[in-house]
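Coordinate inspection notes
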Amino acid sequence: MTYGMELVDDTSDDPELHAYRRAHAWPGRLGEVLDADEIVNDAVVSGSNDRVLRTTIGWLTERQPSFRDRGVLVVIGWSGAIRREFYVDGAYHQVIPYQAHPHPEVGRLLDVYRDVAFHDVESGERLATQALSLQAFLRLHRIPYLFFDAIESSYDAFGRAGLADAARTAAVDRTRWYRFGDPEGAMADVLRAAGTDWKGRHPAEDGHEVWAHKLASHIMKHRLIQRPAAEAPVRPDPAEPPFTRRRFRPANRDFLYP
């Protein structure tokens, strides 16, 4: 959804095709709308939230002097909560519990994980921990950021884990999480409702364009490019809980795409 899969032939090594994908996936379009000097799309196909947290903190800490001197905006599309990352045979591998993996040792590990340890409660708890950890890191370093849900609403992931009324859910800075608590607020849901085109399981160019403009509008409306203050984020009114409905969709074994 962020990488821009299926915008071009993803198996091709043609650099022009990869340049086209980078330019037309939503990060490229958002950077163009915001007049960014440089756009870094660090997504990978089937990336997990484990990877999102690891690589975002790694990328930023390696560049601390530069991001303190230059304006940096971090935009995160949180992936499906059920996805995982495992370090096997000298490399990180992204896995989905209901999808086969080509690496034989990863496949063997995945079979055991799916049969023994995979659970919606752990998935939702892990997403909450990851999101709040990255929120705290970005606020500590006063790095402007925006979160959103890419393929399913965190509303459902947190709800399945029993976190609808949890203090961790209330601790989310909702100004910096686009449509947080909206069961139809994920990128996939919004683009389906908007009637944009799809290429297989992923948005076509018009969908990426629409999404970039929605994020840009939210960023400008809430002035998110400005560095966040050092104090804690403003909490929502407790009289208006983010989760008002108590029916939560199950994790989709078809990976939540149309």
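As the structure is a computational prediction, the values presented were derived from the model and not from experiment.

**Points about the packing of aromatic side chains**
Counted according to the given criterion, the structure contains 15 aromatic pairs. Three or more aromatic residues joined by ring pairs make a cluster, and in this case those are Trp 78, Tyr 145, Phe 147, Phe 158, Trp 177 and Phe 180. A cation over a ring is seen here: Arg 21 above Tyr 3, with NZ or CZ 3.8 Å from the ring centre. Taking NZ or CZ as reference, Arg 176 lies 5.2 Å from the ring centre of Tyr 145, over its face.

**What about helix α2 (residues 26-33)?**
Counted residue by residue, α2 has six buried out of eight residues, so it is predominantly covered. Residues of α2 that are buried: Trp 26, Pro 27, Gly 28, Arg 29, Leu 30 and Gly 31. Here the buried face of α2 lies against α1 (15-24), β1 (74-78), β4 (145-149), α9 (187-194) and α10 (205-221). One or two steps after α2, the chain reaches Asp 35, where phi turns positive at roughly 60°.

**A look at α9**
Turning to α9, its buried residues number three or more, namely Met 187, Ala 188, Asp 189, Val 190 and Leu 191. The secondary structure elements touched by the buried residues of α9 are α2, β4, β5 (198-199), β6 (202-203) and α10. Phi turns positive, to about 75°, at Gly 195, one or two residues after α9.

**A closer look at the nonpolar core**
Buried together is how nonpolar side chains tend to be arranged in soluble globular proteins. Judged by nonpolar contacts, the single largest core of 23 residues is most densely connected at Trp 78, Leu 138, Phe 147 and Trp 177. Those elements that place two or more of their residues in this core are α3 (49-61), β1, α6 (120-140), β4 and α7 (154-160). When residues of this core are assigned to their parent elements, the largest contribution, six residues, is made by α6. Setting aside chain neighbours within four positions, we find Leu 138 in contact with Leu 60, Val 74, Ile 143, Tyr 145 and Phe 147.

**Quick notes on the packing of α3 against α6**
Interaxial distance between α3 and α6 falls to 10 Å at its minimum, and their mutual angle equals 15°. By the angle between their axes, α3 is roughly parallel relative to α6. Judged by the twist between their axes, the crossing of α3 over α6 is left-handed. The segment α3 lies against α6, with Asn 49, Asp 50, Leu 53, Thr 56, Ile 57, Leu 60 and Thr 61 engaging Arg 126, Leu 127, Gln 130, Ser 133, Leu 134, Phe 137 and Leu 138. Residues belonging to the contact of α3 with α6 are distributed by class as follows: seven nonpolar, five polar and two charged.

Procedures and definitions
Residues numbered from 1 in each chain as written. Predicted model: local features only at pLDDT ≥ 70, side-chain atom pairs only at ≥ 80, totals over all residues. Heavy atoms only, no water. Phe/Tyr/Trp six-rings, centres within 6.5 Å; stacked < 30°, edge-to-face > 60°. Lys NZ or Arg CZ within 6 Å of the ring centre and 35° of its normal. Buried < 20%, exposed > 50% of the residue type's maximum accessible area, 1.4 Å probe, protein only. Helix = DSSP H or I, 4+ residues; strand = E, 2+ residues; numbered from the N terminus. Contact = heavy atoms within 4.5 Å. Core = buried A, V, L, I, M, F, W, Y, C linked by side-chain atoms within 4.5 Å. Axes fitted to C-alpha atoms, helices over the stretch in contact; angles between N-to-C directions. Parallel < 35°, antiparallel > 145°, perpendicular 65-115°, else oblique. Left-handed = near helix turned anticlockwise from the far one by under 90°. Nonpolar A, V, L, I, M, F, W, Y, C, P; charged D, E, K, R; others polar.

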